[in-house]
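Here's the letter readout for the chains.
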Amino acid sequence: MNKVIYFSICVLLLSIVMIGCSSGGTTSQMQYGAFEIDRVEHIPAFSSATPDYFLEKNIGTLFTVSKDGFSVDTADASEPSQKEVTYDNVTYVREDLEDATGYKVMSDSEDTGFRIYYLDEEVWIGHYSWYGQNNDAWWADYIFGVVPN
């Protein structure tokens, strides 16, 4: 099987497991700080970009995770789309997964679509959106492997 297809299927299955395993409590065990993109873990199969191209265009993006806030700053990205998106009054809702811990980023009790995953020694940050004819499919827009800045 083609490695790209195999990888995409694995990430899709991981996404389905992550969505289905939500436990709902908040936690204080977050890793706060600034994170920069290191690699692309997932982009949707329907994306017109390859993972390498997507990485090239987004390298330089900075995610900041703090106790009460979460931001995405693309000012230094190769191809910035917005200067900065900041969420205040943030809570991180823990999602226990089979081999990882995930956190749903909530702002004023609204789901931002962002997720933070801790897998062994790795940190992943992703964004999810509703898709489909009736906006009835929850899909990962991207998942990046990130490293402390």
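Going by the structure above, here's the rest.
Quantities reported herein were computed from a predicted structural model and do not represent experimental measurements.

A. Geometry of the pairing of strand E5 (residues 90-96). Where E5 meets strand E6 (residues 101-107), seven bridges bridge the pair, whose relative direction is antiparallel. What sits directly across from Tyr92, in E6, is Val105. Hairpin remark: E5 followed by E6, antiparallel, with four residues in the connecting loop.

B. Expanded view of the nonpolar core. Counting 23 residues, the largest nonpolar core has Phe63, Phe70, Tyr92, Phe114, Ile116, Ile125 and Phe144 as its most contacted members. Contributions of two or more residues to this core are made by strand E1 (33-42), strand E2 (62-65), strand E3 (70-73), E5, E6, strand E7 (110-119), strand E8 (122-131) and strand E9 (137-148). Non-local contacts of Phe63, meaning those with residues more than four positions away in its chain, are made with Gly33, Ala34, Phe35, Ile37, Phe70, Ser71, Val72, Phe114, Ile125, Tyr142, Phe144 and Val146. Judged by nonpolar contacts, the second largest core, of eight residues, contains Ala100, Tyr117, Tyr128 and Ile143.

C. A look at the sheet that holds E1. Pairing is antiparallel in the open sheet, where nine strands are placed in the order E4-E3-E2-E1-E9-E8-E7-E6-E5. In this open sheet, the two strands that pair with only one neighbour each are strand E4 (84-87) and E5. The average angle at which neighbouring strand axes cross in this sheet is 30°, direction not considered. Here E8 pairs with E9 via nine bridges, running antiparallel. Of the residues in E9, the one forming a bridge with Trp124 is Gly145. Taken strand by strand, helix H2 (residues 51-58) contacts E1 and E9, and its axis lies near 160° from that of E1.

D. Quick look at the packing of aromatic side chains. Under the counting rule described, the total for this entry stands at 12 aromatic pairs. Ring plane angle 45° and centroid distance 6.1 Å describe the contact between Phe54 and Tyr142, whose orientation is recorded as tilted. Highlighted residues: Phe54 in helix H2 and Tyr142 in strand E9, separated in sequence by 88 residues. Its relative accessible area of 18% is what places Phe54 among the buried residues. Residue class for Tyr142 comes out buried when judged on its relative accessible area of 15%. Ring geometry for Tyr103 versus Tyr118: centroids 5.7 Å apart, planes at 75°, classification edge-to-face. In this pair, Tyr103 is assigned in strand E6 and Tyr118 in strand E7, connecting sequence segments 15 residues apart. When sorted by exposure, Tyr103 lands in the same class as Tyr118, which is buried. One aromatic cluster in this structure is built from Phe54, Phe63, Phe70, Tyr87, Phe114, Tyr142 and Phe144.

Thresholds applied
- Residues numbered from 1 in each chain as written.
- Predicted model: local features only at pLDDT ≥ 70, side-chain atom pairs only at ≥ 80, totals over all residues.
- Heavy atoms only, no water.
- Pairing = 2+ DSSP bridges.
- Helix = DSSP H or I, 4+ residues; strand = E, 2+ residues; numbered from the N terminus.
- Core = buried A, V, L, I, M, F, W, Y, C linked by side-chain atoms within 4.5 Å.
- Buried < 20%, exposed > 50% of the residue type's maximum accessible area, 1.4 Å probe, protein only.
- Contact = heavy atoms within 4.5 Å.
- Axes fitted to C-alpha atoms, helices over the stretch in contact; angles between N-to-C directions.
- Phe/Tyr/Trp six-rings, centres within 6.5 Å; stacked < 30°, edge-to-face > 60°.

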